[in-house]
Amino acid sequence: MPESILEGSRFVRACLRKPVDRTPVWFLRQAGRYMQEYREVRKHHTLVEICKQPELAAEVTITAAEKLGVDAAIIFADLLLPLEPMGLPFEFQAGEGPVVHHPVRTAEDVKALRTDRAAELGYVARAIEKVAAHFHERLGIIGFCGAPFTLASYMIEGGGSRNYVHTKQMMYGDPIAWGGLLDKLVTVLTEYCRLQVQAGADVIQIFDSWVGALSLTDYREYAFEASKRLVRAVQALGVPVIYFGVETAGLLGAMAETGADVMGLDWRQPLDEGWRAVGHTRAVQGNLDPITLFAPLEVLERRVKEILRAAGGRPGHIFNLGHGIVPGTPVENVQAVVKMVREFRLEGAARG
Ligand code: CP3
């Protein structure tokens, strides 16, 4: 069949650096507490309940994507869900974020982790099926998982962390435990992504949210191989991979060597510099500061246009934030950004 600009969603085409009619746009954490509809659902259900009830997870995913008019819907789930079938129960405590009750600290703890129960995450796949049935080809559907380093950090610290002392202690001091933990994560996450792709996810985003805590040498020595194996295993399922991290300016070149199709860029570096660092053979996603969504519209518009100009109309830019939308963000400003991206035309660009 001849290649057509209509084939595949605008979002998936951009992931593959194919020409698009305009820059696709979506937002990290587009379904969340800043949105009234989500807060309503949360009044009656915990976060984990929403994730585990495909009907609810699909509804939350679809509502956010439609309200914003974005080009992709990220499945409503959480990074930590795979911990449970691995044998590490956790909960979200109000105002505190996630808490893992028995953190992984020793080689024995790693040995006890299970890798044979990823099928228990089938509820995420069921939710993806519902979202896919709703949108068909109209929107890109994004499945996701954590990267081995970032998930390992939650398992070892027992929650969020400022300095990653326990994580780095294991990483530097106990290669057997560290290597074993990353191996187990790659096994489970690959299986989890397989379920999501079979259910209809068009693209998988791998969140290495906290990898910016590593120096370049430590990233290369302790985190890169496992990330690369996961990226390649997911690509072998037949979908493009977005590899995302924060405060990664010094790591981008190395992260791109995983072979990910799309690299997430945060806002601390201009988009064109980040793109140069990962190379123009990759697509990029980003990179508005999520707090700019609190700025007056004219400031917001200036920043949005700067990003689009920095992308220069080159195929393979997906407009997004550099990190997730935070609670309190005015929804109308998020909608305004969608409109700005939709209406943007590069000066001097050829019109089709
Ligand atoms: O719309 C979407 O983006 C999809 C849903 C989504 C959630 N979590 C739901 C959620 C996604 C993609 C995630 C990923 C996730 N979860 C990450 C990686 C993304 C990133 O920000 O880098 C991380 C680190 C987590 C772990 C996690 N989940 C933390 C640290 C917290 C607590 C922080 C907070 O904001 O309270 C969560 C809770 C969570 N996951 C919320 C949502 C919408 C918060 C709202 C709630 O409690 O209902």
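As shown above, the structure is provided for reference.
In this text, all values refer to a predicted model and were calculated from it rather than measured experimentally.

**Regarding the overall build of the protein chain**
Within the protein chain, the secondary structure is distributed over 14 helices and nine strands. What you see for the protein chain is a C-alpha radius of gyration of 19 Å, in line with the 20 Å of a compact globule of 352 residues. Structurally, the protein chain occupies a C-alpha span of about 60 × 45 × 45 Å along its principal axes. Going through the 352 residues of the protein chain one by one, you find that 55% of them count as buried. Side chains of the protein chain carry 39 positive and 42 negative charges; the gap between the two charge centres is 3 Å.

**Regarding the environment of Arg 342**
Its location among the elements puts Arg 342 in helix 14 (residues 331-343). By relative accessible area, Arg 342 is classed as partly exposed at 36%. For the pair formed by Arg 342 and Ala 77, sequence separation is 265 residues and the distance between their alpha carbons is 28 Å. What Arg 342 contacts, discounting residues up to four positions off in sequence, is Arg 22 and Gly 69. A distance of 3.0 Å separates the side chain of Arg 342 from the backbone oxygen of Gly 69, its partner in a polar contact.

**Quick word on the layout of surface pockets**
Empty space within the largest pocket amounts to approximately 1,300 Å³. As for the largest pocket, its lining consists of 38 residues, and the residues nearest its centre are Arg 29, Arg 33, Leu 47, Asp 78 and Phe 92.

**Focus on the side chain of His 317**
Residue position: His 317 is located in strand 9 (residues 317-321). In terms of polar contacts, His 317 uses its side chain to reach the backbone carbonyl oxygen of Gly 286, at 3.0 Å. Not counting residues up to four positions away in its chain, the partners in contact with His 317 are Ala 14, Thr 23, Pro 24, Leu 271, Trp 275, Val 284, Gly 286, Ile 307, Leu 308 and Ala 311.

Calculation criteria
- Residues numbered from 1 in each chain as written.
- Predicted model: local features only at pLDDT ≥ 70, side-chain atom pairs only at ≥ 80, totals over all residues.
- Heavy atoms only, no water.
- Helix = DSSP H or I, 4+ residues; strand = E, 2+ residues; numbered from the N terminus.
- Rg over C-alpha atoms; globule rule 2.2 N^0.38 Å.
- Buried < 20%, exposed > 50% of the residue type's maximum accessible area, 1.4 Å probe, protein only.
- Lys, Arg positive; Asp, Glu negative; His and termini not counted.
- Charge placed at Lys NZ, Arg CZ, Asp CG, Glu CD.
- Contact = heavy atoms within 4.5 Å.
- Polar contact = N/O pair within 3.5 Å; in protein donor to acceptor, adjacent residues only side chain to side chain.
- 1 Å grid on protein atoms, 1.4 Å probe; cavity = no way out; pocket = protein on both sides within 12 Å on 5 of 7 lines; lining within 4 Å.
- Points joined across faces, edges and corners; volume = space filled by probe spheres on them.

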